[in-house]
Amino acid sequence: MRIRSSIFTKLFSTYVLSSIAAFLIFSTVLYVLFQQDLKGDFLSTLHAQHEQVERTLQLAYEEGQNKEAIISTLGFNNDNSHKNIYLYGENGELLHLFSDSEEPLHIEQEFIEQALSGNPVNEFVNEKGHRIFLMVSPIESNTLVEFQEKVLVIALHGYDSVAKSIKGMFMLAGLITTIVATCFLFLVSKKLSAPLQTMNVVAMEYARGNFDRKVKVAGDDEIGQLGETLNHMASELASLDNMRKEFVANVSHDMRSPLTSINGFVGAMLDGTIPQQDQKRYLHLMKDETERLIKLVNDLLDIARIEAGQVSIQPQNYNISEQIRKLMAKLEPQLTKQKLEIEIQSNQDDDLYVFADKDRFDQVLGNLIENAVHFSPQKGIVTVRVLGIGREVSISIEDQGPGIPREELSHIWDRFFKVDKARSQKVGTGIGLSIVKHIIDLHGARIDVESEVGNGTTFSITLPMASKIAKE
Ligand SMILES: Nc1ncnc2c1ncn2[C@@H]1O[C@H](COP(=O)(O)OP(=O)(O)OP(=O)(O)O)[C@@H](O)[C@H]1O
Ligand SMILES: [Mg+2]
């Protein structure tokens, strides 16, 4: 079975291993340095003792004191370190030996000869598994008196036990440090990994479609930011999910109504409920319904293609004044039905030209004028203004409809958004303005909306003006 390593295990083991490695490196370096220092200490002790031996010998020789007695104090005065002292004559013969152990150390003759030839020897020698520090050095009398003693050997014990106790101290310090650091690192790893584990659980909930759970955000570090991002993602996903549900509901509803009427009319025609002479009128009604369906499907396909970035624009110079007139003409039947008046105003004598994608602008203006007509009251006036302002053309469509509440204005460009869902459910899906906004954005142009509840709405588009071209 494969054990899945959690982030906690990874963090914790990495921390512990790196702190142990750091401690080992640190203590090894320190131990090596300490050993060198200890060796230096031993050496300086031995040098001091060498000088003391020389002074003692001098005293004994010059003042004629009892040399044996004076020298015998040498080995055991001043300090209580465990040591052997040997004094050799000029032929390498042992003259004095002071030892506090029963079995004095055997000194290699080779060392004595080396010292007699003027070269001191500082060495560790192994004696029954213990290292003993040995200093074999020549004695030179610096007075008129010639000493008989020519070589001094001091064997200093205890190096190993000092080194061992230091090692023990290091190990104890290491053990305590490791225990304390492990506890600390355990807590740190838990603290770092706990929010990630919670986020994982919460993310799994999101994957199951439950967006209600939120991550508790603590701190503003990367983990805190991740928590915030996750919460933000959840609210975005929740609103997308709502939108999707609304979309399915809207689209199904918008498709079902015309399909139901078409189905009803066809059934009625087939079973003769609709008399022959009325059939044409019903066929017209069915045509209107199919056109509604076609518009809906086209809008859906359009928005899907635009949002997938599959739509590009082909701008050209064209007469926008004429385009507006043609659109009005198409709407004539509906205007008459609603007893609406439509006015086109311009501040120029001549038609105005813009540089834009003509077909896409048919969609833009068509949608805006359709909305204005649709939301206008009976006998209302829709005013379309085509104004040349500097090097720009401003097209505004104003109606006297119910207006849009201020707090809803920023949402009108969203897909499937409808201000009054109940009222406008019968017509439109809420895609029109979203398509308009996308097309305007593709042109790099601007669209503004001004609206007051009860006082109508005005949409204004600003486009760069194009010069009139001969071939229009
Ligand atoms: N001129 C207007 N007056 C008042 N409300 C408007 C106007 N134009 C748009 N709205 C509001 O904005 C919403 C979105 O408009 P949009 O054109 O995107 O959708 P629609 O007209 O409902 O459906 P369709 O997809 O057929 O255009 C409308 O449902 C309406 O509530
Ligand atoms: Mg619309």
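From a predicted model like this one, the values you see are computed outputs, not experimental measurements. (Residues numbered from 1 in each chain as written. Chains lettered and ligands numbered in written order. Predicted model: local features only at pLDDT ≥ 70, side-chain atom pairs only at ≥ 80, totals over all residues. Heavy atoms only, no water.)

Another point: the sheet that holds strand 2 (residues 94-99). One open sheet holds the five strands; their spatial order is 2-1-5-4-3, and the pairing between them is antiparallel. Both edges of this open sheet fall to strand 2 and strand 3 (121-127), since each of them pairs with a single strand only. Strand-to-strand twist of the sheet, defined as the mean angle between neighbouring strand axes without regard to direction, takes the value 20°. The pairing of strand 1 (residues 83-88) with strand 2 spans five bridges and is antiparallel. Following the sheet pairing, Tyr86 is matched in strand 2 by Leu97. Sitting on the sheet, helix 1 (residues 7-62) touches strand 1, strand 3, strand 4 (130-138) and strand 5 (151-156), and the angle it makes with strand 4 is about 40°. (Pairing = 2+ DSSP bridges. Helix = DSSP H or I, 4+ residues; strand = E, 2+ residues; numbered from the N terminus. Axes fitted to C-alpha atoms, helices over the stretch in contact; angles between N-to-C directions. Contact = heavy atoms within 4.5 Å.)

A separate point is the UniProt feature "domain: HAMP" (unreviewed entry) in the chain. Per the UniProt entry, the sites bearing "domain: HAMP" (unreviewed entry) are residues 190-242 in this numbering. With 74% helix and 0% strand, residues 190-242 has its two end C-alpha atoms placed 37 Å apart. (UniProt positions renumbered as here; feature names shortened; annotations may be inferred.)

All right, on to the nonpolar core then. Counting residues in hydrophobic clusters, the biggest one holds 47 residues, and the most contacted among them are Ile320, Phe361, Leu365, Leu368, Ile461 and Leu463. For this core, the leading source of residues is helix 8 (residues 358-375), giving seven residues. Two domains share this core, each providing at least three of its residues, namely domain 2 (222-307) and domain 3 (316-466). Every residue in contact with Ile320, bar those within four places of it in the chain, is listed here: Leu352, Tyr353, Val354, Phe361, Leu365, Val386, Val393, Ile395 and Leu463. Counting 16 residues, the second largest nonpolar core, distinct from the first, contains Leu46, Leu57, Phe98 and Tyr159. (Core = buried A, V, L, I, M, F, W, Y, C linked by side-chain atoms within 4.5 Å. Buried < 20%, exposed > 50% of the residue type's maximum accessible area, 1.4 Å probe, protein only. Domains from an automatic or database assignment.)

According to the stated counting rule, one finds 14 salt bridges in the structure shown. For Asp302, the salt bridge goes to Arg360, with nearest N and O atoms at 3.6 Å. Remark: Arg360 occurs in helix 8 and Asp302 occurs in helix 6 (residues 279-307); sequence separation between them is 58 residues. Here Arg360 falls in the buried class, since its relative accessible area comes to 14%. Across the salt bridge formed by Glu307 and Arg415, the nearest N and O atoms sit 3.3 Å from each other. Of this pair, Glu307 sits in helix 6 while Arg415 sits in the loop between strand 10 (392-398) and helix 9 (432-443), placing them 108 residues apart in sequence. By relative accessible area, Glu307 is classed as partly exposed at 40%. (Salt bridge = Lys/Arg side-chain N within 4 Å of Asp/Glu carboxyl O.)

The environment of ligand 1 is formed by 17 residues, the closest being Asn371, Asp399, Val419, Ile431 and Leu433. Lys295 places a side-chain nitrogen or oxygen 3.3 Å from an oxygen atom of ligand 1. Taking Val419, its main chain carries an N or O atom lying 2.9 Å from an oxygen atom of ligand 1. Burial of ligand 1 by the surrounding chains reaches 96%, relative to a free accessible area of 590 Å². For the shell around ligand 1, the residue count by class is eight nonpolar, six polar and three charged. (Near = heavy atom within 4 Å. Polar contact = N/O pair within 3.5 Å; in protein donor to acceptor, adjacent residues only side chain to side chain. Areas by Shrake-Rupley, 256 points an atom, 1.4 Å probe, with all protein chains shown as cover. Nonpolar A, V, L, I, M, F, W, Y, C, P; charged D, E, K, R; others polar.)

Of all six residues making up strand 5, six are buried, and the element is well covered by its neighbours. Along strand 5, one buried face is formed by Val151, Val153 and Ala155 and the opposite face, lined by Leu152, Ile154 and Leu156, is buried too. Judged from the six bridges that link them, strand 4 and strand 5 form a sheet pairing that is antiparallel. Among the inter-strand pairings, Val136 is bridged to a residue of strand 5, identified as Val153.

Once that is clear, we can look at the domain arrangement of the chain. The assigned domain composition of the chain is domain 1 (7-166), domain 2 (222-307) and domain 3 (316-466). Each of domain 2 and domain 3 has a C-alpha centre, and these two points are 23 Å apart. Residue-level contacts link 18 residues of domain 2 with 17 residues of domain 3. Together, the buried faces of domain 2 and domain 3 total about 1,500 Å²; carbon and sulfur atoms form 57% of this surface. Here domain 2 and domain 3 share two salt bridges between them. Inspection of the domain 2/domain 3 interface yields two residue pairs in polar contact (both at pLDDT 80 or more). (Buried area = accessible area lost by both parts, 1.4 Å probe.)

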